[in-house]
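If you want the building blocks of each chain, they are given just below.
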Amino acid sequence: MRFGPPDVLWRIALLPVFLVVVACMSAPDSEAPFPGETSVVELDPGSVPDTTAAMRGVGLSRGQRLYVPVYSHIHFKNQERTIDLAATVSIRNADPNHSIILSTVDYIDNDGVLVRRYLEQPRRLGPMASTSVVVEKGDAAGGLGANFLVEWRAAQPVHAPVVESIMISTQSSLGISFTSPARVLDERSE
């Protein structure tokens, strides 16, 4: 069976190579950037990236007052049976360039009464730094509806910290853990 003269077969075989060469010759030297992205050609290798410019479209804050729920115990099976929990409140500065100042980390009980203050004076938390406080398992001073009030501020607008509580317990073969994120009560206006 014959498909055609040999020179036609060579032309068909070389067509994909020809198309690749033409495509490479017509491609621009650098790819077009995504909207808002700086092309590689425009970057100065010795310069430091301007993260402030990158953050302009992101919601920034100069401070907040946060409500963080914690649980010293939870009910299971019925109202009388409980499991004691250890609670950790994690505070993470999510800003890669700026510090924040923690001014309040207060533990408040089921009735809204202050149980203990975890800060005697404001504490600086550097860029990307973290801290935590622990309510030990068996410490039921806060009760089932305990919470933390966390207040922070910054000298300039920053990414808000990630604040959450983590509760955990193990008893016999039973293990339980869960998290609860902070809720913003108000933003610092100045």
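Computed from a prediction, not measured in an experiment: that's the story for all the values here.

Visitor: When you look at the nonpolar core in this model, what are you seeing that I'm missing?
Guide: If you look at soluble globular proteins, the nonpolar side chains tend to sit buried side by side. Formed by 25 residues in total, the largest nonpolar core has its most connected members in Val70, Val89, Ile91, Leu102, Phe148 and Val150. Those elements that place two or more of their residues in this core are strand S1 (61-69), strand S4 (86-92), strand S5 (100-108), strand S8 (130-135), strand S9 (147-158) and strand S10 (162-171). In terms of residue count, the dominant contributor to this core is S9 (5 residues). Discounting chain neighbours no more than four positions away, the residues touching Val70 are Ala87, Val89, Tyr107, Leu144, Gly145, Ala146, Asn147, Phe148, Ser165 and Met167.

Visitor: Is there a simple way to think about the packing of aromatic side chains in this case?
Guide: Each aromatic ring pair is summarised here by two numbers: the centre-to-centre distance and the angle between the ring planes. Scanning the model with the defined rule gives 3 aromatic pairs in all. Pairing Tyr118 with Phe148 gives two aromatic rings, centres 5.5 Å apart and planes at 40°, and the pair type is tilted. Linking Tyr118 in the loop between strand S6 (114-117) and strand S7 (123-125) with Phe148 in strand S9, this pair joins segments that are 30 residues apart in sequence. Residue Phe148 is classed as buried on the basis of its relative accessible area, which comes to 1%.

Visitor: Looking at this structure, I do not really get the side chain of Asp106. What am I missing?
Guide: In this structure, Asp106 sits in strand S5. A residue is classified by how much of its surface remains accessible, and Asp106, at 7% relative accessible area, is buried. A polar atom in the side chain of Asp106 sits 3.3 Å from the side chain of Arg117. The contact partners of Asp106, leaving out residues within four places of it in the chain, are Leu114, Arg116, Arg117, Asn147, Phe148 and Leu149.

Visitor: I keep staring at unusual backbone geometry and nothing clicks. Help me out?
Guide: Backbone phi values are negative for most residues with the exception of glycine, while trans is the configuration of most peptide bonds. Positive phi values are uncommon outside glycine, yet Met128 reaches one of about 65°. Tracing the chain through its elements places Met128 in the loop between S7 and S8. Met128 sits in the exposed class, given a relative accessible area of 54%.

Criteria and cut-off values
- Residues numbered from 1 in each chain as written.
- Predicted model: local features only at pLDDT ≥ 70, side-chain atom pairs only at ≥ 80, totals over all residues.
- Heavy atoms only, no water.
- Core = buried A, V, L, I, M, F, W, Y, C linked by side-chain atoms within 4.5 Å.
- Buried < 20%, exposed > 50% of the residue type's maximum accessible area, 1.4 Å probe, protein only.
- Helix = DSSP H or I, 4+ residues; strand = E, 2+ residues; numbered from the N terminus.
- Contact = heavy atoms within 4.5 Å.
- Phe/Tyr/Trp six-rings, centres within 6.5 Å; stacked < 30°, edge-to-face > 60°.
- Polar contact = N/O pair within 3.5 Å; in protein donor to acceptor, adjacent residues only side chain to side chain.

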